[in-house]
Amino acid sequence: MLQALLLAAVLGAIVWMFGNALDNLARQGIASGFGFWNERAGFAIATSLIEYSETSTYGRAFLVGLLNTLLVSALGVVFATVLGFLIGIARLSPNWLIRQWAAAYIELVRNVPLLLQIFFWYFAVLRPLPQPRHSIELLGLAYLNNRGLYLPKPILEPGFGWLSAALLLGLVGCLLWLRRARREAGSDRGLRYWLIAGLLLLAPAAAVSLAVGLPLGWELPEFRRFNFRGGLVLSPEFVALLTALSTYTAAFIAEIVRAGIQSVSQGQREAAYSLGLSPGQTLRHVVLPQAMRVIVPPLTNQYLNLTKNSSLAAAIAYPDLVSVFAGTVLNQTGQAVEVIGVTMAVYLTISLVIAALMNWYNRRVALVER
Amino acid sequence: MRVRLFALLLLLSCGAVVGLAQAASTLEAVKQRGHLRCGVSQGLPGFSTPDGSGGWTGLDVDFCRAVAAAVLGDADKVRFAALSAKERFTALQSGEVDLLARNTTWTLSRDAELGFHFVGVLFYDGQGFMVPKELGVTSVAELDGATICSNAGTTTELNLADWFRARGMDYQPVVFEKSDEVAAAYDAGRCDAYTTDRASLYAQRNKLKNPDAHVILPELISKEPLGPLVRRGDDQWFSIVKWTLYVLIGAEELGLTSANVEEQRQRSRHPEVQRLLSVNGNSGQGLGLGPDWAYNIIRQVGNYGELYQRNLGRAPLGIERGLNALYTDGGLMYAPPFR
Ligand SMILES: N[C@@H](CCC(=O)N[C@@H](CS)C(=O)NCC(=O)O)C(=O)O
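These lines cover the structure that appears in this document, whether it is placed above or below.

Quick notes on the rules
Residues numbered from 1 in each chain as written. Chains lettered and ligands numbered in written order. Predicted model: local features only at pLDDT ≥ 70, side-chain atom pairs only at ≥ 80, totals over all residues. Heavy atoms only, no water. Core = buried A, V, L, I, M, F, W, Y, C linked by side-chain atoms within 4.5 Å. Buried < 20%, exposed > 50% of the residue type's maximum accessible area, 1.4 Å probe, protein only. Helix = DSSP H or I, 4+ residues; strand = E, 2+ residues; numbered from the N terminus. Contact = heavy atoms within 4.5 Å. Buried area = accessible area lost by both parts, 1.4 Å probe. Salt bridge = Lys/Arg side-chain N within 4 Å of Asp/Glu carboxyl O. Polar contact = N/O pair within 3.5 Å; in protein donor to acceptor, adjacent residues only side chain to side chain. Axes fitted to C-alpha atoms, helices over the stretch in contact; angles between N-to-C directions. Parallel < 35°, antiparallel > 145°, perpendicular 65-115°, else oblique. Left-handed = near helix turned anticlockwise from the far one by under 90°. Phe/Tyr/Trp six-rings, centres within 6.5 Å; stacked < 30°, edge-to-face > 60°. Lys NZ or Arg CZ within 6 Å of the ring centre and 35° of its normal. Pairing = 2+ DSSP bridges. Disulfide = S-S within 2.5 Å. Near = heavy atom within 4 Å. Areas by Shrake-Rupley, 256 points an atom, 1.4 Å probe, with all protein chains shown as cover. Domains from an automatic or database assignment. 1 Å grid on protein atoms, 1.4 Å probe; cavity = no way out; pocket = protein on both sides within 12 Å on 5 of 7 lines; lining within 4 Å. Points joined across faces, edges and corners; volume = space filled by probe spheres on them. Nonpolar A, V, L, I, M, F, W, Y, C, P; charged D, E, K, R; others polar.

## Quick look at the nonpolar core
Turning to step 1, where the next piece is worked out: Among the nonpolar cores identified, the biggest contains 85 residues, and Phe43, Phe85, Tyr122, Leu241, Ile295 and Val329 of chain A together with Phe176 of chain B are the most heavily contacted of them.
Turning to step 2, where the next piece is worked out: Considering each element in turn, this core owes the most residues, 14 residues, to helix α7 (residues 236-262) of chain A.
Turning to step 3, where the next piece is worked out: Of all hydrophobic cores here, the second largest spans 63 residues; its members include Leu36, Leu122, Val247 and Ile297 of chain B.

## With respect to the interface of chain B and chain A
Turning to step 1, where the next piece is worked out: With 58 residues of chain B at the contact, the number on the chain A side is 54 residues.
Turning to step 2, where the next piece is worked out: Taking both partners together, chain B and chain A bury about 4,400 Å²; carbon and sulfur atoms supply 52% of that area.
Turning to step 3, where the next piece is worked out: For the interface between chain B and chain A, the tally reads four salt bridges.
Turning to step 4, where the next piece is worked out: For arginine 147 of chain A, the salt bridge is made with aspartate 192 of chain B, and the minimal N-O distance between the two is 3.1 Å.
Turning to step 5, where the next piece is worked out: Summed over the shared surface of chain B and chain A, the result is 12 residue pairs in polar contact (both at pLDDT 80 or more).

## Describing the side chain of threonine 196 of chain B
All names here are of chain B.
Turning to step 1, where the next piece is worked out: Positionally, threonine 196 belongs in strand β11 (residues 193-197).
Turning to step 2, where the next piece is worked out: On the accessibility criterion, threonine 196 (12% relative accessible area) is buried.
Turning to step 3, where the next piece is worked out: The contacts of threonine 196, once residues within four sequence positions are left out, are Gly126, Gln127, Gly128, Thr156 and Leu201.

## Side note on the packing of helix α2 (residues 58-90) of chain A against α7 of chain A
All names here are of chain A.
Turning to step 1, where the next piece is worked out: Here α2 crosses α7 at 40°, and the two axes come no closer than 6 Å. Comparing the axis directions of α2 and α7 gives the class oblique. Between α2 and α7 lies a crossing of right-handed hand.

## Digging into the packing of aromatic side chains
Turning to step 1, where the next piece is worked out: This structure, assessed with the given rule, holds 31 aromatic pairs over all chains.
Turning to step 2, where the next piece is worked out: Consider the rings of phenylalanine 123 of chain B and tyrosine 308 of chain B, whose centres lie 6.1 Å apart with planes at 15°: the pair is stacked. Placement of the pair is phenylalanine 123 of chain B in strand β7 (residues 123-125) and tyrosine 308 of chain B in helix α14 (residues 304-313), with a sequence separation of 185 residues. With respect to burial, phenylalanine 123 of chain B and tyrosine 308 of chain B carry one shared label: buried.
Turning to step 3, where the next piece is worked out: One aromatic cluster is present, built from ring pairs that chain together Phe34, Phe36, Trp37, Tyr58, Phe62 and Phe325 of chain A.
Turning to step 4, where the next piece is worked out: Sitting over the ring of tyrosine 295 of chain B, arginine 265 of chain B keeps its end group 3.7 Å from the ring centre.

## Considerations on the sheet that holds strand β10 (residues 171-176) of chain B
Residue and element names in this part refer to chain B.
Turning to step 1, where the next piece is worked out: Pairing is mixed across the open sheet formed by five strands, whose spatial order is β10-β9-β11-β8-β12. The open sheet is flanked by β10 and β12 (214-216), the only strands paired with a single partner. Sheet twist, expressed as the average angle between the axes of neighbouring strands with direction ignored, equals 25°.
Turning to step 2, where the next piece is worked out: Sheet topology note: the strand β8 (residues 127-132)/β11 ladder contains four bridges and is antiparallel. Across the sheet, residue methionine 130 finds its bridge partner in β11, namely tyrosine 194.

## Some thoughts on the state of the cysteines
All names here are of chain B.
Turning to step 1, where the next piece is worked out: Enumeration over the complete set of coordinates arrives at two disulfides over all chains.
Turning to step 2, where the next piece is worked out: One disulfide in the model links cysteine 38 with cysteine 64; its S-S distance is 2.0 Å. In this structure the cystine formed by cysteine 38 and cysteine 64 twists about its S-S bond by roughly -65°; its chirality is therefore left-handed. Of this pair, cysteine 38 sits in strand β1 (residues 36-41) while cysteine 64 sits in helix α4 (residues 59-72), and the two are 26 residues apart along the sequence. Each member of the pair, cysteine 38 as well as cysteine 64, carries the same accessibility label: buried.
Turning to step 3, where the next piece is worked out: Disulfide pairing is shown between cysteine 149 and cysteine 191; the S-S distance is 1.9 Å. With the S-S dihedral at roughly 75°, the linkage between cysteine 149 and cysteine 191 falls on the right-handed side. Of this pair, cysteine 149 sits in strand β9 (residues 146-151) while cysteine 191 sits in the loop between α8 (179-187) and β11, and the two are 42 residues apart along the sequence. For the pair formed by cysteine 149 and cysteine 191, the shared burial category is buried.
Turning to step 4, where the next piece is worked out: In chain B, the cysteines engaged in disulfides, taken in order along the sequence, are linked 1-2, 3-4.

## Here we look at the site of the ligand
Residues and elements named next belong to chain B.
Turning to step 1, where the next piece is worked out: Around the ligand, a shell composed of 21 residues is seen, among which Gln42, Asn103, Thr105, Ser179 and Asp197 lie nearest.
Turning to step 2, where the next piece is worked out: Between an oxygen atom of the ligand and a side-chain N or O atom of asparagine 103, the distance comes to 2.7 Å.
Turning to step 3, where the next piece is worked out: One of the side-chain N or O atoms of serine 179 is found 2.3 Å from a nitrogen atom in the ligand.
Turning to step 4, where the next piece is worked out: For the ligand, whose free accessible area comes to 500 Å², the fraction covered by protein is 99%.
Turning to step 5, where the next piece is worked out: Looking at the shell around the ligand, you find at least three residues from each of domain 1 (22-124 + 226-324) and domain 2 (127-222).

## Observations regarding the pattern of salt bridges
Turning to step 1, where the next piece is worked out: The tally for this structure, following the rule as stated, stands at 17 salt bridges over all chains.
Turning to step 2, where the next piece is worked out: Across the pair glutamate 107 of chain A and arginine 110 of chain A runs a salt bridge, and its minimum N-O distance is 3.5 Å. With glutamate 107 of chain A and arginine 110 of chain A both in helix α3 (residues 96-111), this residue pair falls three residues apart, about one helical turn.
Turning to step 3, where the next piece is worked out: Take arginine 110 of chain A: its relative accessible area is 29%, and that puts it in the partly exposed class.
Turning to step 4, where the next piece is worked out: Where glutamate 255 of chain A meets arginine 258 of chain A, a salt bridge forms, and the shortest distance between an N and an O atom there is 3.2 Å. Of this pair, glutamate 255 of chain A and arginine 258 of chain A are both found in helix α7, three residues apart, which corresponds to roughly one turn of the helix.
Turning to step 5, where the next piece is worked out: Overlapping salt bridges bring together Asp62, Arg65, Asp76 and Arg310 of chain B as one network.

## Regarding empty space enclosed by the protein
Turning to step 1, where the next piece is worked out: If you walk through the whole model with that rule in mind, you get three cavities of 30 Å³ or more.
Turning to step 2, where the next piece is worked out: Along the walls of the largest cavity sit 14 residues, with Ile45, Pro319, Ser323 and Val324 of chain A together with Val175 of chain B positioned nearest its centre.
Turning to step 3, where the next piece is worked out: Secondary-structure elements contributing two or more residues to the lining of the largest cavity are α10 (321-333) of chain A together with β10 of chain B.
Turning to step 4, where the next piece is worked out: Looking at side-chain class alone, the lining of the largest cavity contains 11 nonpolar, two polar and one charged residues.
Turning to step 5, where the next piece is worked out: Considered as a void within the structure, the second largest cavity measures approximately 50 Å³ in volume.
Turning to step 6, where the next piece is worked out: Taken together, Phe47, Leu59, Asp60, Ala101, Arg102, Asn103, Thr104, Leu122, Phe123, Leu226, Gly227 and Pro228 of chain B form the lining of the second largest cavity.

That is the geometry; function is a separate question.
Written out as structure tokens, the structure is:
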């Protein structure tokens with residue numbers, strides 16, 4: 001009840017603030033409202049996951065920025081988690097050298113401001129790479145230069161839907177087989193078992209390919225006057241930002257993982273060893289599952305931080321939401337209140353979604369009291 | 001940036017109090033505070049650049065100083081706020097600065113939709129391109145397919161898109177928030193070309209590792225009239241800043257310089273000089289300023305020609321007057337009569 005009242009009060013205050021802001025804008029002769037959303041943006045954006053050109057609308061530009069933010073954040077979360085767990089475990093390694101190395105990494109990376117690290121990676125990526133004319137060629141298919149990594153781009157042709165369906169069917173069949181086999185045969189995982197699994201996985205797709213031909217083409221990067229065009233491009237901005245975000249957040253995750261592992265009592269480990277489990281098995285089956293209860297809540301925080309930190313992208317020209325929308329769009333339309341309002345709402349929503357997912361996961365790994 | 005935007009939100013939302021405070025006279029606020037707050041760019045030689053000893057130099061900086069001289073009688077009573085292209089408008093809207101003199105292009109939408117008044121043109125420029133000599137490019141028309149570096153939130157971004165589209169040409173934009181970042185990335189070979197206002201290109205070229213290895217292409221693809229601007233809603237302040245600009249220009253036409261203005265005030269028989277310098281009466285009265293306002297501008301800062309020569313005309317930039325010459329010399333600089 002009290003909470004409901006508080007919520008109502010806060011919402012009321014926000015509505016009042018916005019109403020007031022609009023009044024003041026009108027008094028100062030500043031345009032307001034969302035009329036700009038469907039107007040022509042008139043500027044270009046370097047990389048976009050969806051169709052976008054100078055003739056697209058500001059609304060479209062917003063989507064482009066949002067998707068770029070989601071892309072770099074999602075990949076950053078994955079890489080930071082993998083790297084963070086590895087380093088966290090290394091931090092407790094019985095090997096002195098590995099332990100010290102992990103500790104040094106954590107100290108160094110945590111104590112240097114992230115923006116500096118982003119610049120470091122950006123110029124570390126840019127400087128050593130050659131100009132487009134002297135690109136490094138990889139197997140005649142991919143090219144590397146200081147404008148990015150150019151890869152062949154898969155082009156989906158008509159009929160691709162069938163292929164995806166067939167692949168899905170294969171996957172389901174394969175999983176069913178694995179489950180059944182595991183329940184029945186227990187330890188018997190011979191060659192025959194894996195052969196059948198593979199066959200089940202690929203047969204439907206192979207049948208479709210034979211019937212309609214492989215519905216997949218490749219667009220190869222091709223050199224023009226200044227650089228390669230076409231193909232799939234990994235820009236230096238994207239690589240630098242992703243690397244910086246992942247390595248930075250990994251240092252924090254490593255400390256969380258270390259704390260989590262240390263929270264599991266030594267007795268558990270000794271008990272596992274005396275049952276004949278190897279150190280690896282002990283870690284995977286005994287220690288980590290219990291440590292997760294301690295790890296997950298602070299891990300959520302790190303994911304939120306990473307997502308918010310991705311807004312530093314503007315410094316190195318990666319077109320994320322803040323750079324494109326709260327930067328260029330804000331400046332071209334001058335509508336700070338609307339643009340910042342939407343931007344805050346987006347970050348809030350992303351944060352709430354991440355928190356909700358992690359809470360759900362947390363409940364799953366939580367110890368079930370019996 | 002984020003803090004500033006948040007401040008704007010708060011300011012705008014804190015209701016009538018702020019609304020009234022903003023509507024109150026900027027002139028009074030500046031006088032009470034004892035200094036002028038002026039928004040300039042973060043480091044663009046010729047326009048505004050920190051001089052290493054805590055001060056600032058440049059054409060935009062001198063303009064701010066001229067306003068301080070007119071209003072406070074002391075050109076040194078200015079606090080400069082270094083703003084990126086992205087931040088500048090929010091800073092002026094929110095009242096963080098009294099005036100923006102930050103190589104900003106006068107356009108319809110900025111004048112009409114953002115709640116500003118441009119006071120005039122301090123420098124006529126146009127958008128140019130710089131390329132490494134080794135590319136062998138001699139014209140913008142050859143840049144089809146090029147990667148091009150520029151600043152976010154500028155007219156530059158928009159002109160670029162328009163110009164290439166109109167010609168069916170293709171390009172890859174790389175857009176940074178700060179000019180130093182653009183220069184560093186261009187220097188590291190990230191882009192085939194660097195585009196911005198041409199005078200800025202001259203300035204930025206000097207920041208590169210090897211300035212001689214880069215050329216500025218002959219074409220200009222746009223008009224970039226750069227001028228100071230103020231918030232709407234304070235006509236008196238608008239007039240003060242506008243007439244400060246005209247005093248600078250008019251003084252050059254009348255032959256008044258920082259060196260001779262003292263003597264001219266005593267000796268000159270020229271009725272317009274006498275009027276401007278308040279020999280009898282007060283030319284600043286209608287603006288709410290004291291009789292020495294114009295004298296202080298010229299004495300402490302100089303006339304437009306002096307400002308130009310000191311900041312842009314001489315080495316290292318050496319930019320010709322061109323359109324920025326007085327109308328009597330074939331340029332566009334023209335001040336209404338002081339009468
Ligand atoms: N005149 C254009 C461009 C102005 C602009 O921001 N130019 C950049 C590129 S040279 C700049 O002044 N940078 C200086 C700084 O960021 O300190 C506009 O008003 O949009």
